[in-house]
Amino acid sequence: MKILVCVSKAPDTTSRIAFNADQTAFDENGVQFIVNPYDEWYGLVRALELKETLGGTVTTISVGGADYEPVIRKALAIGADDAVRVDAPESDALYVASQIAAYARGKGFDIILCGKETISFNGSVVPGMVAELLDLPYVPLATKLDIDGQSAVLEREVSGGVEVIEAKLPVVISAAKGMAEQRIPNMRGIMAARTKPLETVAAADASVTTAIKAYSMPPAKGACRYIEPEQAGDLIRILHEEAKVI
Amino acid sequence: MAILVFADQHNGTFPKSSLEAVSYAARLAQTTGTTCTALTTGPVEGDGGLGQAGASRLLVTDLKGQDSQQLTRLVLAAAEKEAAHIIIFSHDLMGKLVAPRVAARLGAGMVSGATALPDVSSGFVVRRNVFSGKAIADIRVDTEKKVITVTPNSVGIVMTGGAAQVESFSADLGEARTHVRETRTESNEHGIPLPEADLVVSAGRGLKGPEHWGIIEELARELGAATACSRPVSDIGWRPHHEHVGQTGITIRPNLYIAIGISGAIQHLAGVNGSKTIVVVNKDPEAPFFKAADYGIVGDAFEVIPRLIEAARQFKSAR
Ligand SMILES: Cc1cc2nc3c(=O)[nH]c(=O)nc-3n(C[C@H](O)[C@H](O)[C@H](O)COP(=O)(O)OP(=O)(O)OC[C@H]3O[C@@H](n4cnc5c(N)ncnc54)[C@H](O)[C@@H]3O)c2cc1C
Ligand SMILES: Nc1ncnc2c1ncn2[C@@H]1O[C@H](COP(=O)(O)O)[C@@H](O)[C@H]1O
């Protein structure tokens, strides 16, 4: 199995979200970056499990600047064999997907595994675009992934149940919670990661189709209105008469 | 020039999220002086109510299955036939499956998870949430062709009172490379799927153990609500995984979210902070969730919930 795992970085989940003066860029000052949880906990770990049982290689790919390095080293410490960074800005989803597709084209990957979404941009868009650019089948939001001969067998939660999907390899998959369990890198992994190959490739030609006009913060919530626990039953009337939600 | 909207249906009926996408497309068509055509797979009776939601035409195909490549070819063929320059989907499973492919094929700028109608006063700017609901971004789309997915329960439906002209449609779809082997239904007490629920009762580790979920389910039943939970609760196996909401679970935007014994960690809030009204029940007055709440009860869940159940029961029988 030759697997490519798409690894993006994301601000640590407890980061303060702030923007630059003209409100067009995320203010990275003092922000700690982590591997996007869906990419790390589910995509990468499941790829490693498949490699452990079926043999093969796990390569990670990231599209971004040199500041991506710590995040890539973390992925290597967890167990990826080697890593690629496409030296290009994360301009928009189609641009990023074009970079991933340009690298993967013709290299014979059986599976391209992405996360369900980045926790920064929450697009759930890049993997589907990669699939289309490479003319491959696509299964989004998979909670389980196994290999059966020349097919991937996947599960996905749909309203009221679970669907079992069979997809011909090669395939692009986005991983949701349940596909694997988080792995904490050990000391050996961290040491090994320092010398594992990290290849930097130049950006391919691709167009940028969207731009951030402005970021803003959501309107602040009004103060919470407290109801005494002894009068809890009043809440139902308030929800009906005032909030008008029931 | 036209706007094409993909309207997903389940057994012949269109869920609210599909009607919202159609209404969004129709309103955009109106402000930009063009028409709105809807596309669906599988049989529907009449126009399935899509005319009411604003579609002037409805293309019906008999495509079975949900292979993303076949669906993409279908949407592209319909877009070409209608000369559509904007294609709209709901930001649901179907939208996530097909919209990115369509955008990539067309080289179209895409905004996923729009929460408002585009601002076309100068350029074409679409609003969406980013950083798991902690911020908002206005995205300018610079390409002539555009793809938008619309966040469910965020833009509403405007009924226009019309009927759509129904037409059958087919296209060369090629082979399917993915197949659904089986569908397992998981019992859901009241059959209200969480992502579509208007009312949600949710509980966390404060409930102490799975044996105490009876009161949560009872309250949900009295209100006609779906149930949800925090992540540790599904991780320990007190509740099924599909109930887990938050950054790493599902994102919901119900009209009412009642959080019981949940501390309100930022990763939990990320999945629920789009809810219209939030009620928090927690015995700790310092619980961070109260900062995000509209109504709060500081108290022991095991005393408060029975009172809520009783009041909900009376409310129900009085109506
Ligand atoms: C990267 C990352 C992603 C994460 N994703 C998610 C996610 O998607 N969803 C999610 O939920 N969490 C997520 N978490 C975990 C999150 O940080 C919290 O740990 C979790 O939400 C806490 O769950 P809880 O509120 O049920 O439990 P606790 O934090 O233990 O809170 C229990 C609450 O119950 C109250 N309580 C106790 N007894 C009673 C009583 N008798 N009556 C009333 N109240 C009582 C307590 O005061 C307390 O506030 C994530 C964490 C990380 C690091
Ligand atoms: N800059 C990037 N480099 C590598 N992979 C990425 C990048 N951005 C997004 N991805 C992958 O695409 C998935 C979905 O991203 P998004 O469409 O932004 O929600 C992520 O979970 C990653 O697996």
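Here the structure is shown first, and the text comes after it.
Now for a quick tour of the structure. Because the structure is predicted, anything quoted here is derived from the model rather than measured.

Focus on the sheet that holds strand S11 (residues 198–202) of chain A
Inference 1: Ordered in space as S11(A)-S5(A)-S4(A)-S1(A)-S6(A)-S10(A)-S7(A)-S8(A)-S9(A)-S10(B), the 10 strands form an open sheet in which the pairing is mixed. Of all the strands in the sheet, just S11 of chain A together with strand S10 (178–185) of chain B have a single pairing partner and so form its edges. Taken over all neighbouring pairs, the strand axes of this sheet differ in orientation by 30 degrees on average, direction set aside.
Inference 2: Sheet topology places strand S6 (residues 111–115) of chain A next to strand S10 (residues 171–175) of chain A; five bridges connect them, and they run parallel. From the neighbouring strand, Ile111 of chain A faces S10 of chain A, where its bridge partner is Val171 of chain A.
Inference 3: The strands touched by helix H3 (residues 93–104) of chain A are strand S1 (2–6), strand S4 (57–63), strand S5 (82–87), S6 and S11 of chain A; relative to S4 of chain A, the strand with the most contacts, the crossing angle is about 145 degrees.

Let's talk about the site of ligand 2
Residue and element names in this part refer to chain A.
Inference 1: Not every one of the 22 residues close to ligand 2 is listed here, only the nearest: Cys6, Asp39, Val63, Ser124 and Val125.
Inference 2: The separation between an oxygen atom of ligand 2 and a polar main-chain atom of Cys6 is 2.8 Å.
Inference 3: In this structure, an oxygen atom belonging to ligand 2 sits 2.8 Å away from a main-chain N or O atom of Ser124.
Inference 4: About the coverage of ligand 2: the protein hides 96% of its 480 Å² of free accessible area.
Inference 5: Elements supplying a minimum of two residues to the shell around ligand 2: S4, H3, S6 and helix H4 (126–134).
Inference 6: Counting residues per element, the shell around ligand 2 draws most heavily on S4, at three residues.
Inference 7: Taken together, the residues of the shell around ligand 2 break down into 11 nonpolar, eight polar and three charged.

Some words on the packing of aromatic side chains
Inference 1: In total, this model carries 11 aromatic pairs over all chains according to the counting rule given.
Inference 2: Ring centres of Trp41 of chain A and Tyr42 of chain A lie 6.0 Å apart, and the angle between their planes is 85 degrees; this geometry places the pair in the edge-to-face category.
Inference 3: Take Tyr42 of chain A: its relative accessible area is 5%, and that puts it in the buried class.
Inference 4: An aromatic cluster of three or more residues is present, and its members are Phe19, Phe26 and Tyr215 of chain A together with Phe131 of chain B.

Thoughts on the site of ligand 1
Residues and elements named next belong to chain B.
Inference 1: In the vicinity of ligand 1 there are 28 residues, among which Lys208, Ser230, Ser263, Gln267 and Asn282 approach most closely.
Inference 2: Within the backbone of Gly206, a nitrogen or oxygen atom sits 3.4 Å from a nitrogen atom of ligand 1.
Inference 3: For ligand 1, an oxygen atom lies 3.1 Å from a polar atom in the backbone of Gly261.
Inference 4: Isolated, ligand 1 exposes 1000 Å² of accessible area, and the fraction of that covered by the protein chains is 81%.
Inference 5: If you list the elements that add at least two residues to the shell around ligand 1, you get helix H5 (231–235), helix H6 (266–272) and helix H7 (301–318).
Inference 6: Tallied by class, residues from the shell around ligand 1 come to seven nonpolar, 15 polar and six charged.

Considering the interface of chain B and chain A
Inference 1: Taken together, the contact between chain B and chain A spans 86 residues of the former and 80 residues of the latter.
Inference 2: Roughly 7200 Å² of surface becomes buried between chain B and chain A when both sides are summed, with 59% attributable to carbon and sulfur atoms.
Inference 3: Between chain B and chain A we count eight salt bridges in total.
Inference 4: Here Asp148 of chain A and Arg181 of chain B are joined by a salt bridge, their closest N and O atoms 3.1 Å apart.
Inference 5: Taken together, chain B and chain A are joined by 41 residue pairs in polar contact (both at pLDDT 80 or more).
Inference 6: Tallied by class, residues from the side of chain B that touches chain A come to 34 nonpolar, 29 polar and 23 charged.

Describing the pairing of strand S6 (residues 125–130) of chain B
All names here are of chain B.
Inference 1: With six bridges joining them, S6 and strand S7 (residues 135–141) adopt antiparallel strand pairing. Bridge pairing in S7 links Arg128 to Ala137.
Inference 2: In sequence, S6 turns back onto S7 through a hairpin of four residues, with Phe131 there showing a positive phi of about 50 degrees.

Side note on the pairing of strand S15 (residues 295–298) of chain B
Inference 1: Bridge count for strand S13 (residues 225–226) of chain A against S15 of chain B is two bridges, and the pairing is parallel. In the sheet register, Tyr226 of chain A faces S15 of chain B, and the bridge partner there is Gly296 of chain B.

Here we look at a negative patch on the surface
Inference 1: A grouping of Glu228 and Glu230 of chain A together with Asp300 and Glu303 of chain B is seen on the molecular surface, where their side chains present a negatively charged patch.
Inference 2: Relative to the elements of secondary structure, Asp300 of chain B occurs in the loop between S15 and H7.

Looking at the side chain of Glu40 of chain A
Inference 1: Note on placement: Glu40 of chain A falls in helix H1 (residues 37–54).
Inference 2: Discounting chain neighbours no more than four positions away, the residues touching Glu40 of chain A are Val35, Val45, Lys74, Ile78, Gln182 and Arg183 of chain A.

Rules used throughout
Residues numbered from 1 in each chain as written. Chains lettered and ligands numbered in written order. Predicted model: local features only at pLDDT ≥ 70, side-chain atom pairs only at ≥ 80, totals over all residues. Heavy atoms only, no water. Pairing = 2+ DSSP bridges. Helix = DSSP H or I, 4+ residues; strand = E, 2+ residues; numbered from the N terminus. Axes fitted to C-alpha atoms, helices over the stretch in contact; angles between N-to-C directions. Contact = heavy atoms within 4.5 Å. Near = heavy atom within 4 Å. Polar contact = N/O pair within 3.5 Å; in protein donor to acceptor, adjacent residues only side chain to side chain. Areas by Shrake-Rupley, 256 points an atom, 1.4 Å probe, with all protein chains shown as cover. Nonpolar A, V, L, I, M, F, W, Y, C, P; charged D, E, K, R; others polar. Phe/Tyr/Trp six-rings, centres within 6.5 Å; stacked < 30°, edge-to-face > 60°. Buried < 20%, exposed > 50% of the residue type's maximum accessible area, 1.4 Å probe, protein only. Buried area = accessible area lost by both parts, 1.4 Å probe. Salt bridge = Lys/Arg side-chain N within 4 Å of Asp/Glu carboxyl O. Patch = residues over 30% accessible without salt bridge, like charges linked within 9 Å, V, L, I, M, F, W, Y side chains within 5 Å. Lys, Arg positive; Asp, Glu negative; His and termini not counted. Charge placed at Lys NZ, Arg CZ, Asp CG, Glu CD.

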